[in-house]
Amino acid sequence: MELKKSKACVLRVGGTNCDLEVKVALEELGLKTDILHMNQLADGTLSNYQMLVFPGGFSYGDYVRAGAIWGKEIFTKLRKELGKFTDDGKLVIGICNGFQVLVEAGLLPGNSVAGVPTASLANNSSAKYECRWIYLRVESRQTPFARTIKVWDTLWMPIGHGEGRFILPSEEALNELVKENQVIFRYAMPDGRPADGRYPHNPNGAAYDIAGICNKKGNVMGMMPHPERAFFGWQTPSQRGKRKARGDGRCVFEGAVEYIKKY
Amino acid sequence: MRTMKVRIEVRLKAGHFDPEGDVTSKSLRDLGFPAGEVKVGKVYTVDVNAGSREAAEKLAQEMCRKLLANPTKDDFSVEVLTVEGRATQKDKR
């Protein structure tokens, strides 16, 4: 689809943040982006968009569990429309709290807005809110969001979360996720080896160092790190007085835009 | 239909690491308490309209399955505390 005719939608509720950063990132790549509050979504609104973003933040104050309330709101109000949206192969990304929301809605790692989570983003093992830059290892290119990067590339992005320890109910469920190439990003050492559970490289104790996963089809992805906070070079911390020319998070959005062009 | 107050307790499943409980235990020991393992949970008291105690309990369990507990990590228990403002038998004891 011609990029000029395509649009992305960043959803917002009380407590979300970084919605504007995502809009700026996508528009920099030529994809027009609207920021809409959940209450502004009328029947059929979603069908105007090629991509849907659940941004970071603390939706509904993280009450009950991070992402739980918004996740259930999606189940009750948006189940059918979002189901059609993902069935059509359109893109959905959940960043940080957005990832927690997609898990609570049942959309990740499952395949439908079932309303019942099949995984959990539990409290960080460190019992701290972890807010810093971390290394990621690209594990799979199963999702369009990772199409412009290479497997085993190392990316540098910031995180900011208290509940990011990705866990699954069983070892089999984890094996299945790995086997299906649904693990996209893993926390890594600076040299690109997996963190292997070691703190501080794995900041939250996530199983298999999981930082981001996609659904079986690949068009729905959730990740704890914030690619939109590492989009421009000037957003990255300077190292020996030098900054990167472009942020490592840029590739996530570039992958999405490339997919939309071919959609 | 009667109004009943239901107490819902959501806690981590056995064997799941509880970072909040862990640091709470350390802090209690720092204060001189002989504290061992601490587990932190959440308690909700919900007023529900139901035909019987059993129906109220069923509703509360459904609330846990649909919102209050994540089956990957949480266990829950429910208990009817009062029926139309009166304490239930169990509560009087």
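Cut-offs applied
Residues numbered from 1 in each chain as written. Chains lettered and ligands numbered in written order. Predicted model: local features only at pLDDT ≥ 70, side-chain atom pairs only at ≥ 80, totals over all residues. Heavy atoms only, no water. Salt bridge = Lys/Arg side-chain N within 4 Å of Asp/Glu carboxyl O. Core = buried A, V, L, I, M, F, W, Y, C linked by side-chain atoms within 4.5 Å. Buried < 20%, exposed > 50% of the residue type's maximum accessible area, 1.4 Å probe, protein only. Helix = DSSP H or I, 4+ residues; strand = E, 2+ residues; numbered from the N terminus. Contact = heavy atoms within 4.5 Å. pLDDT = per-residue confidence, 0-100. Polar contact = N/O pair within 3.5 Å; in protein donor to acceptor, adjacent residues only side chain to side chain. Pairing = 2+ DSSP bridges. Axes fitted to C-alpha atoms, helices over the stretch in contact; angles between N-to-C directions. Buried area = accessible area lost by both parts, 1.4 Å probe.

Peer 1: Could you give an account of the pattern of salt bridges, naming the residues involved and the relevant values?
Peer 2: With the rule as written, the count across this model stands at 25 salt bridges over all chains. When salt bridges with common partners are traced through the structure, they connect Arg137, Glu139, Arg186 and Asp209 of chain A into a single cluster.

Peer 1: Break down the nonpolar core for me, citing the residues and quoting the values.
Peer 2: All names here are of chain A. One finds Leu11, Met51, Phe54, Ile74, Leu82, Phe166 and Phe185 to be the most contacted residues of the largest nonpolar core, which totals 76 residues. Counting residues per element, this core draws most heavily on helix H6 (residues 250-262), at six residues. Ignoring sequence-local partners within four residues, the contact set of Met51 consists of Lys7, Ala8, Cys9, Leu26, Leu31, Phe85, Leu91, Ile93, Phe145, Ala256 and Ile260.

Peer 1: A description of the confidence of the model for chain B should follow, citing residues and the corresponding values.
Peer 2: Summarising the model, chain B shows a mean pLDDT of 92, and 95% of its residues fall at 70 or more. Here helix H3 (residues 89-92) of chain B is the element of chain B with the lowest mean pLDDT, 55, and helix H2 (residues 53-68) of chain B is the one with the highest, 97.

Peer 1: Outline the side chain of Asp34 of chain A, listing residues and values.
Peer 2: Residues and elements named next belong to chain A. Note that Asp34 resides in strand E3 (residues 32-37). A relative accessible area of 17% places Asp34 in the buried class. Within the local environment of Asp34, its side chain forms a polar contact with the side chain of Lys7, the two groups lying 3.4 Å apart. For Asp34, the contacting residues outside a window of four places in its chain are Lys7, Ala8, Cys9, Val10 and Tyr49.

Peer 1: Hey, could you go over the sheet that holds strand E2 (residues 41-50) of chain B for me, with residue numbers and the actual values?
Peer 2: All names here are of chain B. If you trace the four strands from one edge of the open sheet to the other, you get E2-E1-E3-E4, paired in antiparallel fashion. Edge positions in the sheet fall to E2 and strand E4 (86-87), since each of these pairs with one other strand and no more. By the bridge criterion, two bridges tie strand E3 (residues 74-83) to E4 in an arrangement that is antiparallel. Bridge assignment links Thr82 to a residue of E4, and that residue is Ala87. Strands strand E1 (2-12), E2 and E3 of the sheet are contacted by H2, whose axis makes an angle of about 145 degrees with E3.

Peer 1: Hey, could you go over the interface of chain B and chain A for me, with residue numbers and the actual values?
Peer 2: With 16 residues of chain B at the contact, the number on the chain A side is 20 residues. In this assembly, chain B packs against chain A so that about 1,300 Å² is buried in total across both faces, 60% of it on carbon and sulfur atoms. Joining chain B to chain A, the criterion identifies zero salt bridges. Across the contact surface, chain B and chain A share seven residue pairs in polar contact (both at pLDDT 80 or more). Only helix H1 (19-30), E2 and H2 of chain B provide two or more residues apiece to the side of chain B that touches chain A.

Peer 1: Give me the lowdown on the sheet that holds strand E11 (residues 183-188) of chain A, citing residues and values where you can.
Peer 2: All names here are of chain A. Taken in spatial order, the nine strands make up an open sheet running E3-E1-E4-E6-E13-E12-E11-E8-E9, and their pairing is mixed. Of all the strands in the sheet, the pair left with one neighbour each is E3 and strand E9 (154-161). Here the strands of the sheet are splayed against their neighbours by 25 degrees on average, with no regard to which way each runs. Of the pairings in the sheet, the one linking strand E8 (residues 130-138) to E11 comprises four bridges and is antiparallel in character. Across the sheet, the residue bridging to Tyr135 is Ala188, located in E11.

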